[in-house]
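Take a look at the letters that make up each chain.
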Amino acid sequence: MTDHIVIIGGGPGGYEAAHVAAQLGAEVTIVDTDGVGGSAVLTDCVPSKTLIATSELMTEMSTAQELGVNFHDHHGDAATAISVDLARVNARVKQLAADQSTDIAARLDRDGVRVVTGRGRLGPDLTVEVGEETLQADAIIVATGAAPRTLPSAQPDGERILTWEQVYDLTEVPDKLIVVGSGVTGAEFASAYLALGIDVTLVSSRDRVLPGEDADASAVLEDVLTRRGMNVLGQSRMQSVTRDGDTVTVTLTDGRTVTGSHCILALGSVPNTADLGLEDAGVAVDDGGFITVDRVSRTSARGIYAAGDCTGVLMLASVAAMQGRIAMWHFLGDAVAPLDLKKVSSNVFTSPEIATVGWSQQAVDAGEIQAEVVTLPLAGNARAKMQGVRDGFVKLFCRPGTGIVVGGVVVGPRASELIHPVSIAVAESLTADQLAHAFTVYPSMSGSIAEAARRLHRV
Ligand SMILES: Cc1cc2nc3c(=O)[nH]c(=O)nc-3n(C[C@H](O)[C@H](O)[C@H](O)COP(=O)(O)OP(=O)(O)OC[C@H]3O[C@@H](n4cnc5c(N)ncnc54)[C@H](O)[C@@H]3O)c2cc1C
């Protein structure tokens, strides 16, 4: 008998689960309100990384003169500045996101997955209600994602006070942008808009940007951002954001005020778990409203799984997708390994980028794991010198005795690509010697990863 899987939410948690379920022969229905791809494709990852592609280009062009390239206008006069056409950037962002959603829908269609547009809600006895329709399931996955957190005292108006979902409606370059929140999202937008030539103030309630990341990495980032002209306000907790005409005022809890033309709120996310029928279905949530799951994505209700941001396990598209796949491998009886957060690699798409995998410096310092640490600045790398790259480093952690690589941090351009060999080492429990013995291209930034591994060699 064919199993029927019903998935509420068409983001990476939902659509990746659908592919696995279809591959394993199940009949699959996805219920989604906004279009497949979810926030990941329509408002979060894909749009922000497309915007950041433009800001990366602007950053690279800022080293042009050092590398011997001059710009001139059509009269042959030296050009002293480059500028961005934000309307075109945002039009490209929206088109690319829409195209990506269409691609995902086409692939789901090829896999025979039915997509129902509407709001899904859990009904009794493993059913999902969408408008008038009731879908009977053998298993359900809730993958409804999360939404930007706002405060009563800081309400977005969609024009000058913006959530990260609203920034792509900007058609003119902000004169003075205030980003509230120095977590990953706040840091990425602050870094991106600074690179586009915008005056940016970053309001951070903590004493450093990216408080959750490697402290050495955030120190490098903060140094670069302030050197490039960003105003970083540490230990500055926002109390309210108000607008008067063209002016936005951020008032801090100590009474100071910061004014600008626009403000982006990056205050974290709240799970989309209200009014889903969770309680009646016996699905437990924590105090923050996140659905409680185990490492194979089971909720407290039999036959109901949950994946992605609505679980709050680790708010990444890659983790959402893996939770969704694991749920289906588990329910449909395929080989499955429980989710292992110590193998997740992630990246902060600032300039420079910060990529991490495995155990962190914080965990080592707190004595949660014993590890030897080597940090190698990128400035000594031949390729970095050729490319005018001065900021960044490679850091590796390995177990004393066995030399097994348990984590790493890469700070630099395209760190998201450079972290992969370290990810493989962590996933496969390779030793630092094994990582060191693999050839790297000369000259290459990845040479610094092999060099750091060589320095971890013990006789
Ligand atoms: C600005 C920003 C940038 C990011 N960049 C990255 C990145 O570079 N890399 C990365 O790995 N992660 C990134 N993330 C995180 C990533 O976007 C999320 O982890 C990911 O979207 C989670 O996927 P999901 O499937 O849980 O939910 P979502 O992608 O949010 O999808 C959930 C879907 O469910 C729908 N839905 C909600 N309720 C219902 C309902 N009742 N019925 C039907 N449908 C419903 C929603 O409309 C949505 O379409 C970023 C996040 C932000 C905010």
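Residues numbered from 1 in each chain as written. Predicted model: local features only at pLDDT ≥ 70, side-chain atom pairs only at ≥ 80, totals over all residues. Heavy atoms only, no water.

This brings us to the site of the ligand. In the region of the ligand, 36 residues are neighbours, and Gly13, Thr33, Ser39, Gly120 and Asp309 sit closest. Separating an oxygen atom of the ligand from a side-chain N or O atom of Asp32 is a distance of 3.1 Å. In this structure, an oxygen atom belonging to the ligand sits 2.8 Å away from a side-chain N or O atom of Ser39. In isolation the ligand has 1,000 Å² of accessible area, and contact with the protein removes 91% of it. If you list the elements that add at least two residues to the shell around the ligand, you get α1 (12-23), β2 (27-32), α2 (38-42), α3 (45-61), α5 (184-195) and α8 (317-331). Structurally, the shell around the ligand is a two-domain feature, drawing no fewer than three residues from each of domain 1 (4-147 + 270-340) and domain 2 (161-267). (Near = heavy atom within 4 Å. Polar contact = N/O pair within 3.5 Å; in protein donor to acceptor, adjacent residues only side chain to side chain. Areas by Shrake-Rupley, 256 points an atom, 1.4 Å probe, with all protein chains shown as cover. Helix = DSSP H or I, 4+ residues; strand = E, 2+ residues; numbered from the N terminus. Domains from an automatic or database assignment.)

Here we take up the packing of aromatic side chains. For the structure shown, the criterion picks out two aromatic pairs. Ring geometry for Phe189 and Tyr193: centres 6.2 Å apart, planes at 15°, overall stacked. Placement of both Phe189 and Tyr193 in helix α5 is noted, with a separation of four residues, approximately one turn of the helix. For the pair formed by Phe189 and Tyr193, the shared burial category is buried. When the centroid spacing of 6.2 Å and the interplanar angle of 80° are considered together, the rings of Tyr305 and Phe331 count as edge-to-face. Taken as a pair, Tyr305 in strand β18 (residues 304-306) and Phe331 in helix α8 lie far apart in primary sequence, 26 residues in all. Take Tyr305: its relative accessible area is 5%, and that puts it in the buried class. (Phe/Tyr/Trp six-rings, centres within 6.5 Å; stacked < 30°, edge-to-face > 60°. Buried < 20%, exposed > 50% of the residue type's maximum accessible area, 1.4 Å probe, protein only.)

Further remarks concern the side chain of Ser236. Mapped onto the fold, Ser236 is located in the loop between β12 (231-233) and β13 (238-244). Among the polar contacts listed, one links the side chain of Ser236 to the side chain of Arg256, at a separation of 3.0 Å. Setting aside its immediate chain neighbours within four residues, Ser236 contacts Val203, Ser204, Ser205, Leu252 and Arg256. (Contact = heavy atoms within 4.5 Å.)

Only one face of strand β15 (residues 257-260) is buried, namely the one carrying Val258 and Gly260, since none of Thr257 and Thr259 on the opposite face is buried. In terms of strand pairing, strand β14 (residues 247-252) meets β15 through four bridges, oriented antiparallel. Its bridge partner being in β15, Thr251 is matched across the sheet by Thr257. The antiparallel pairing of β14 with β15 creates a hairpin that spans four residues between the two strands, and Gly255 there sits at a positive phi of about 95°. (Pairing = 2+ DSSP bridges.)

Now for the domain arrangement of the protein. Split into domains, the protein comes out as domain 1 (4-147 + 270-340), domain 2 (161-267) and domain 3 (352-454). Taken together, the contact pairs 13 residues of domain 2 with 11 residues of domain 3. Overall, the association of domain 2 and domain 3 removes approximately 890 Å² of surface from exposure, summing both partners, and the carbon and sulfur fraction of that is 57%. Area buried by domain 2 at its contact with domain 3 is led by Asp214, Ala217 and Val220, which between them contribute 46% of it. Counting across the domain 2 and domain 3 interface gives three salt bridges. Across the pair Lys395 and Asp214 runs a salt bridge, and its minimum N-O distance is 3.0 Å. Our count for the contact surface shared by domain 2 and domain 3 stands at five residue pairs in polar contact (both at pLDDT 80 or more). Residues that form the side of domain 2 that touches domain 3 fall into these classes: six nonpolar, two polar and five charged. (Buried area = accessible area lost by both parts, 1.4 Å probe. Salt bridge = Lys/Arg side-chain N within 4 Å of Asp/Glu carboxyl O. Nonpolar A, V, L, I, M, F, W, Y, C, P; charged D, E, K, R; others polar.)

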